Amino acid sequence: MNTRIDASSAELPVSRPRRASLWPGRLDLLQSGTGLLLGLFMWIHMFFVSSILLGSDAMWTVARFFEGYFIFGRRLSWLVSCLVATVFALFIAHAGLALRKFPANYRQYRTYREHMAGMKHEDTTLWYWQVVTGFGLFFMASVHLYIMMTRPERIGPFESADRVWSDLMWPLYLVMLFAVEFHAGVGLYRLALKWGWFEGSDATVSRRRLHALKWALTAFFLILGLATLAAYIKIGIAHAPLYGQPYVPSGLLSGSQP
């Protein structure tokens, strides 16, 4: 006996469109947010560190401010450790999120290099160097942050200068200065383009202006950073025979460290 099936009456499974995952967008937003916070922090941090250019007393005042000295009347170095630990956590989170977009193997890396060479587009090249500097910063900045987190009491005109010169940290700081200013500058520039910040009626003109501002800010912070590093090296050389002696500001009557 032949059984005929009426296709019109048969119940067929209904295929529903799969809902796109929101997680890639959320992770991208987190990466942008952590990058923005870290980039702005680095610029603010540079101004605080460069207070040495105004004199040792100015730098001592800035360092003691973050330890709550002018509020509690004594140094609470653990406050600095907490601040650095927060920055460290943001740094690790940002690095982990950024790894999603790194070339996962040599084939992907070669494909991107060929793509970059063929396009000869400056923003594409900037992203490549942002990846390179970001990879380097993962190691260099981790060293610096760990030292600041575990030895916050060694922040001051003489203490920082001793670390820069006598502890031979200046080569690391020199390379890290160029890496961090380039990475932060490019990162903030790309964020402004990605999210449409400061975009006027003409996108081409806005991009050109942002591009010029990016290089101007990078040049400014590099000059400021080099001058600051040179100042610490100069103090470190002069203070080398008294390595380890803390700085006492001229305004204190007591000869002991606060």
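The paragraphs below set out a description of the structure included in this document. All figures in this text were calculated on a predicted structure; none of them were measured in a lab.

Calculation criteria
Residues numbered from 1 in each chain as written. Predicted model: local features only at pLDDT ≥ 70, side-chain atom pairs only at ≥ 80, totals over all residues. Heavy atoms only, no water. Helix = DSSP H or I, 4+ residues; strand = E, 2+ residues; numbered from the N terminus. Buried < 20%, exposed > 50% of the residue type's maximum accessible area, 1.4 Å probe, protein only. Contact = heavy atoms within 4.5 Å. 1 Å grid on protein atoms, 1.4 Å probe; cavity = no way out; pocket = protein on both sides within 12 Å on 5 of 7 lines; lining within 4 Å. Points joined across faces, edges and corners; volume = space filled by probe spheres on them. Nonpolar A, V, L, I, M, F, W, Y, C, P; charged D, E, K, R; others polar. Phe/Tyr/Trp six-rings, centres within 6.5 Å; stacked < 30°, edge-to-face > 60°. Lys NZ or Arg CZ within 6 Å of the ring centre and 35° of its normal. Axes fitted to C-alpha atoms, helices over the stretch in contact; angles between N-to-C directions. Parallel < 35°, antiparallel > 145°, perpendicular 65-115°, else oblique. Left-handed = near helix turned anticlockwise from the far one by under 90°. Polar contact = N/O pair within 3.5 Å; in protein donor to acceptor, adjacent residues only side chain to side chain. Expected span 1.5 Å × (residues − 1). Salt bridge = Lys/Arg side-chain N within 4 Å of Asp/Glu carboxyl O.

1. So, the overall build of the protein
Across its full length, the protein holds nine helices and zero strands. In the protein, the succession of helices and strands from N to C terminus is α-α-α-α-α-α-α-α-α. Counting only C-alpha atoms and orienting by the principal axes, one finds that the protein spans roughly 110 × 40 × 40 Å. Looking at the protein residue by residue over its 258 residues, the buried ones come to 38%. Intrachain contacts of the protein at a sequence separation of at least 6 include 75% that bridge at least 24 residues.

2. Quick look at the layout of surface pockets
In this structure, the second largest pocket encloses a volume near 230 Å³. Along the wall of the second largest pocket there are 14 residues; nearest its centre are W43, L188, Y189, A192 and F198. Listed by contribution, the elements that provide at least two residues to the lining of the second largest pocket are α1 (23-49), α8 (170-195) and α9 (203-239). Here the element with the most residues in the lining of the second largest pocket is α8; it accounts for five residues. Grouping the constituent residues of the lining of the second largest pocket by class yields twelve nonpolar, one polar and one charged.

3. Focus on the packing of aromatic side chains
The final tally for this structure, using the stated rule, is 17 aromatic pairs. Note on F158 and Y247: the rings are 5.0 Å apart at their centroids and 90 degrees apart in plane angle, and the pair reads as edge-to-face. Placement of the pair is F158 in helix α7 (residues 157-164) and Y247 in the segment after α9, with a sequence separation of 89 residues. Relative accessible area serves as the criterion here: at 19%, F158 is assigned to the buried category. The rings of F88, F91, F135, F138 and F139 are connected pair by pair, giving a single aromatic cluster. A cation sits over an aromatic face here: K214 above F182, 5.2 Å from the ring centre. Residue placement shows K214 over the ring face of W215; its charged tip is 4.1 Å from the ring centre.

4. As for the packing of α8 against α9
The contact between α8 and α9 brings their axes to 10 Å, and the two run at 160 degrees. With respect to α9, the element α8 is oriented roughly antiparallel. Classified by chirality, the crossing of α9 by α8 is right-handed. Along the contact surface, α8 presents W170, Y173, L174, L177, F178, E181, F182, G185, V186, Y189, A192 and L193, while α9 presents R207, L210, H211, K214, W215, T218, F221, L222, G225, L226, L229 and I233. Residues belonging to the contact of α8 with α9 are distributed by class as follows: 17 nonpolar, four polar and three charged.

5. Here's the deal with the side chain of H183
Within the element layout of this structure, H183 appears in helix α8. Engagement of the side chain of H183 in a polar contact is seen with the backbone oxygen of Q130, the distance being 2.9 Å. Not counting residues within four places of it along the chain, the set of residues in contact with H183 comprises H94, Q130, T133, G134 and L137.

6. Focus: helix α4 (residues 77-98)
When the terminal C-alpha atoms of α4 are compared, their 32 Å separation across 22 residues agrees well with the 32 Å that a helix rising 1.5 Å per residue should span. The set of residues buried in α4 consists of S77, V80, S81, V84, V87, F88, F91, H94, A95, L97 and A98.

7. Concerning the pattern of salt bridges
Counted under the stated rule, the structure contains seven salt bridges. Residue E67 pairs with R64 through a salt bridge whose shortest N-O separation is 2.6 Å. As far as burial versus exposure is concerned, E67 and R64 are alike and both buried. Here R154 makes a salt bridge to D167, at a shortest N to O gap of 3.0 Å. Highlighted residues: R154 in the loop between α6 (122-150) and α7 and D167 in the loop between α7 and α8, separated in sequence by 13 residues.

8. A short note on the side chain of T34
Of note, T34 is situated in helix α1. Residue T34 is classed as buried on the basis of its relative accessible area, which comes to 9%. Among residues more than four places away in sequence, those in contact with T34 are L90, H94 and L97.

9. A few points about α7
The buried count for α7 comes to eight of eight residues, which makes it a mostly enclosed element. All of the buried residues in α7 are P157, F158, E159, S160, A161, D162, R163 and V164. Against α2 (56-66), α6, α8 and α9 lie the buried residues of α7.

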